Amino acid sequence: IVEGMPERLRLLVVLGAWCALRYGELAELRRHDVDLERGALSISRAVVRVDGADLVGRPRSVEGVRHVAIPPHPYPAIQAHLDAHVARRSDSLLFPRPGTNRHLIHTEVTKIVMTARAAAGRPALRLHDLRHTGAVFQEPAKPRPIAELMARLGHSTPGAALRYQHAAAGRDAQIAARLSEMALQ
């Protein structure tokens with residue numbers, strides 16, 4: 001899917017999946033929200049479109065204001081994106097509409113993702129499914145406490161976080177192997 005996206009939006013898919021961000025959080029990310037020295041994104045705002053206007057506000061819940069650790073492997077892609085696609089001002093959007101510092105329009109991004117997902121053989125995958133993917137990626141080798149998942153996803157209740165948990169392919173076999181490791185210790 002990343003390869004099928006225009007270069008200026010590839011990082012949106014990467015961060016959506018690996019950092020499990022909501023679309024409104026991604027669309028409102030600004031240069032000053034990226035800290036590659038600490039390896040974190042600062043999530044303190046989100047954007048929604050209401051009656052054709054972009055409204056920027058706090059994330060959905062108090063817990064939505066958070067720092068999200070970035071896995072190290074996309075650091076070079078993040079730096080390349082900052083260099084090539086983001087204006088130098090600290091408040092510049094990471095993913096602006098071309099030639100502006102205005103927010104992307106969700107329906108336009110959805111159309112672009114639809115083309116990329118079809119090319120990748122994943123025609124049913126929705127943009128928001130990247131967040132679900134990120135939740136499944138959280139800890140493939142061992143179970144994580146629900147509180148950690150809640151903090152990373154910015155959820156205020158266990159029920160909200162659990163909606164993002166899905167059985168990952170091969171996960172049961174990994175759990176069984178870990179049980180054997182424990183038994184043999």
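In case you missed it, the structure is sitting above this.
How each quantity is defined
Residues numbered from 1 in each chain as written. Predicted model: local features only at pLDDT ≥ 70, side-chain atom pairs only at ≥ 80, totals over all residues. Heavy atoms only, no water. Pairing = 2+ DSSP bridges. Helix = DSSP H or I, 4+ residues; strand = E, 2+ residues; numbered from the N terminus. Salt bridge = Lys/Arg side-chain N within 4 Å of Asp/Glu carboxyl O. Buried < 20%, exposed > 50% of the residue type's maximum accessible area, 1.4 Å probe, protein only. Core = buried A, V, L, I, M, F, W, Y, C linked by side-chain atoms within 4.5 Å. Contact = heavy atoms within 4.5 Å. 1 Å grid on protein atoms, 1.4 Å probe; cavity = no way out; pocket = protein on both sides within 12 Å on 5 of 7 lines; lining within 4 Å. Points joined across faces, edges and corners; volume = space filled by probe spheres on them. Nonpolar A, V, L, I, M, F, W, Y, C, P; charged D, E, K, R; others polar.

Student: Can you walk me through the sheet that holds strand E5 (residues 66-69) in this structure?
Tutor: The strands making up a sheet associate through hydrogen bonds between their backbones, and the pairing can be parallel or antiparallel. Read from one edge of the open sheet, three strands run E1-E2-E5, paired in antiparallel fashion. A strand with exactly one partner marks an edge of an open sheet, and here the two such strands are strand E1 (34-35) and E5. Pairing geometry for strand E2 (residues 40-43) and E5, over four bridges, is antiparallel. Directly across from Leu41, in E5, lies its bridge partner Val68.

Student: Help me out: how do you make sense of the pattern of salt bridges in this one?
Tutor: It is possible for side chains bearing opposite charge to pair when their charged atoms get close. Per the counting criterion, the structure on display carries nine salt bridges. A salt bridge links Asp54 to Arg49; its shortest N-O distance comes to 2.6 Å. For Asp54, a relative accessible area of 28% corresponds to the partly exposed category. Residues participating in the shared-partner salt-bridge network are Glu28, Arg30, Asp33 and Arg45.

Student: Sorry if this is basic, but what is going on with helix H1 (residues 10-18) here?
Tutor: Note on helix geometry: an α-helix contains 3.6 residues per turn, so any two residues three or four positions apart are oriented the same way. Of all nine residues in H1, seven are buried; the element is thus mostly enclosed. Looking at H1, one finds that the buried residues are Leu11, Leu12, Val13, Val14, Leu15, Gly16 and Ala17.

Student: Got a minute to help me understand the nonpolar core in this structure?
Tutor: Within soluble globular proteins, side chains that are nonpolar tend to cluster in buried spots. Grouped together as the largest cluster of nonpolar side chains are 32 residues, with contacts concentrated most on Leu15, Leu21, Leu29, Leu41, Leu94 and Phe95. When residues of this core are traced back to their parent elements, those giving at least two are H1, helix H2 (23-27), E2, helix H3 (75-85) and helix H4 (106-119). The biggest single contributor to this core is H1, with six residues. Leave out the neighbours within four places in its chain, and Leu41 touches Leu15, Cys19, Leu21, Leu29, Asp33, Val34, Arg66, His67, Val68 and Ile70.

Student: Explanation requested: the environment of Ala120 in the structure shown.
Tutor: With respect to the secondary-structure elements, Ala120 resides in the loop between H4 and helix H5 (129-137). The spacing of Ala120 and Val2 is 118 residues in sequence and 8.9 Å in space, taken between C-alpha atoms.

Student: Before we go on, may I ask you to explain the side chain of His81 in this structure?
Tutor: For His81, the position within the fold is in helix H3. Beyond its immediate stretch of four places on either side in the chain, His81 contacts Arg8, Leu11, Val86, Leu94 and Phe95.

Student: Would you mind going over empty space enclosed by the protein with me for this structure?
Tutor: The gaps left among the atoms become clear once a water-sized probe is rolled over them. Going through the model one piece at a time under the given rule, you end up with one cavity of 30 Å³ or more. Taken as a whole, the largest cavity spans an internal volume of roughly 40 Å³. If you go around the largest cavity, the residues you meet are Leu21, Arg22, Tyr23, Leu26, Leu127, His128, Leu130 and Arg131. For the lining of the largest cavity, the class distribution of residues is five nonpolar, one polar and two charged.

Honestly, that's just the spatial picture; any functional story needs more than this.
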